[in-house]
Amino acid sequence: MASRPVSFTRVAQPVRSLWHRFAYAALVLAAFGLMLLGKADVVIVERARVAVTDAVTPILEVLSEPASSMTRVFDQIAELRDLRGEVDRLREENGRLRRWQHVAGGLQAENQALRNLTHFVAPPGPKVISGRAISNAGGPFVRSILVNIGERHGARRGLAAVSGNGFVGVVVEVGTHHSRVLLMTDLNSQIPVIVQTTRDPGVLAGDNSNRPRLQFLPQNAHVSTGDPVVTSGEGGVLPAGLPIGVITAIGDAGVHVKPIVDWDRLEYVQLLDYRIEGVSGAPGAKPLKAAPAYPIKASEDPATVTSGSRRP
Amino acid sequence: MTPGLAQRLDVWARNMMPSVTTLFLALPNVVPLGLPAMSDVMPVVTLMAVFYWSVYRPDLMPPAAVFVLGLAHDILAGNPTGLMALTLLVIHGVAVSQRQVFVGKPFFVAWLGFAVISAGGFLLMWIMTCILAAELLLTMAVVFQYLMTVVSFPLAAWIFVRVHRYLVR
């Protein structure tokens, strides 16, 4: 009996030295393997990621609190500095907006009258879930943020995330207490969009810079700088008409879009649930029969609306 | 004489310090600091820490710890799982094999070594990101982040030396 610890060491010793010798190679291989498994969307890798992030979410929530108050202090200093110019700018803008208000009032009345004539069924408004961004955009290799809205608050994959007035990205990962939003600027992000003035459809592809590219425009598209770009709703994942940004550059390097969202001040995020069941909806969800030909139809289609409300 | 329980706990805690401090120092990489464009060029603390400990105390930064630190970074930052883990393992391997070059030499030798080795690390991350996304990542932010990481290495090393001296011993 007294010799038991000795024999244990004797047994463990070769295993231990073998581990020391091959640990490095094994771990390098494991890292490669994880990358491949992650690329293949293996459920267990994703589950592990979600579990770890969920566990750390409370820490990040606490830590992001002083960070956001620091942002507020910086903002206030900047505001005090150019208060004078701001007042002048706002006065001018106010005058301009008053004129627009008149126009918009008239248009709204006309729109309402036309809708009454055609018995238009208005799409249901979105369910809005608000939360705070608890991680930053992630650096040059990846563009995504964590938001403290989880499954228990009603988050699910494929929801649109907006901040202020602008589109931010799409929810790609949901845990109990958090969800990860893939920003539209990420290398892996491709958003079906439409140029609002010319109705030219295209795909907004991120390249990890702050100015995503507008790709696959029609041959005869005549877009110009300053044209607003909104989501088209094509594919049935996102709702149509979420404002994204304006075209800033058209050249050999492609058409670039400047998002409305201020990436440096991405503090509060809202997830919009239009109850659309697209390709990345909940498992078992009925996918759309076909991508709608005209963007508005995605939310107008009564079939989409009823299938959405049937969800538990 | 066998050391008492408290003593063993103390030694164990001290030996854990490099990994634990690395984990905590890496949190600003993830938390939104609210500084304009900072997340783009935020120096990668885990990279610096793994290099430092691999050179000066490789016994306290075994490959398994490096792997776990890399995975934690990947999951929190939203990287492809294993990207930072692989990069850190490569940096660890090179740093450990070349540590005789840096130990006992003036600091700028280690700094220069870090600049060269981390350049390889960033190149590896860039290549893997391009392969995984099947697209060419053309952004200067990678270069800026590399430069920021190299420039801030002395500051980080100053902190690591403090940890080394007072917490690890």
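Keep in mind that what you see is a predicted model, and the values were worked out from it rather than measured.

Draft legend 1. Structural detail: the overall build of chain B. Looking only at helices and strands, chain B has nine helices and zero strands in total. Written out in order from the N terminus, the α and β elements of chain B read α-α-α-α-α-α-α-α-α. Computed over C-alpha atoms, the radius of gyration of chain B comes to 17 Å, within 12% of the 15 Å expected from 2.2 N^0.38 for 169 residues, which places it in the range of a compact globule. Counting all 169 residues of chain B, 44% fall into the buried class.

Draft legend 2. Quick look at the confidence of the model for chain A. When pLDDT is averaged along chain A, the result is 80, and 83% of the positions lie at 70 or above. Per-residue pLDDT, averaged within each element of chain A, yields its smallest value for helix α5 (residues 302-309) of chain A (37) and its largest for strand β5 (residues 179-183) of chain A (93).

Draft legend 3. Quick look at the confidence of the model for chain B. Of the residues in chain B, 94% reach a pLDDT of 70 or more, and the chain-wide mean stands at 87. Across chain B, element-level confidence peaks in helix α5 (residues 83-97) of chain B with a mean pLDDT of 93 and bottoms out in helix α2 (residues 38-41) of chain B with 68.

Draft legend 4. Spatial organisation of the packing of helix α7 (residues 107-133) of chain B against helix α8 (residues 141-151) of chain B. Residues and elements named next belong to chain B. Here α7 crosses α8 at 150°, and the two axes come no closer than 10 Å. Judged on the interaxial angle alone, α8 and α7 are roughly antiparallel. You can see that α7 and α8 cross each other, and the crossing is right-handed. Within the contact between the two elements, α7 uses Phe114, Ala115, Ser118, Ala119, Phe122 and Trp126 and α8 uses Val142, Tyr146, Thr149 and Val150.

Draft legend 5. Broad picture of unusual backbone geometry. Residue and element names in this part refer to chain A. Here Asn208, not a glycine, exhibits a phi torsion of approximately 65°, which is positive. For Asn208, the location among the structural elements is in the loop between β7 (201-205) and β8 (213-215). Judged by local crowding, Asn208 falls into the buried class, with 27 C-beta atoms found within 10 Å.

Reading guide: rules and limits
- Residues numbered from 1 in each chain as written.
- Chains lettered and ligands numbered in written order.
- Predicted model: local features only at pLDDT ≥ 70, side-chain atom pairs only at ≥ 80, totals over all residues.
- Helix = DSSP H or I, 4+ residues; strand = E, 2+ residues; numbered from the N terminus.
- Rg over C-alpha atoms; globule rule 2.2 N^0.38 Å.
- Buried ≥ 20, exposed ≤ 12 C-beta atoms within 10 Å, placed from the backbone.
- pLDDT = per-residue confidence, 0-100.
- Axes fitted to C-alpha atoms, helices over the stretch in contact; angles between N-to-C directions.
- Parallel < 35°, antiparallel > 145°, perpendicular 65-115°, else oblique.
- Left-handed = near helix turned anticlockwise from the far one by under 90°.
- Contact = placed C-beta atoms within 7 Å.

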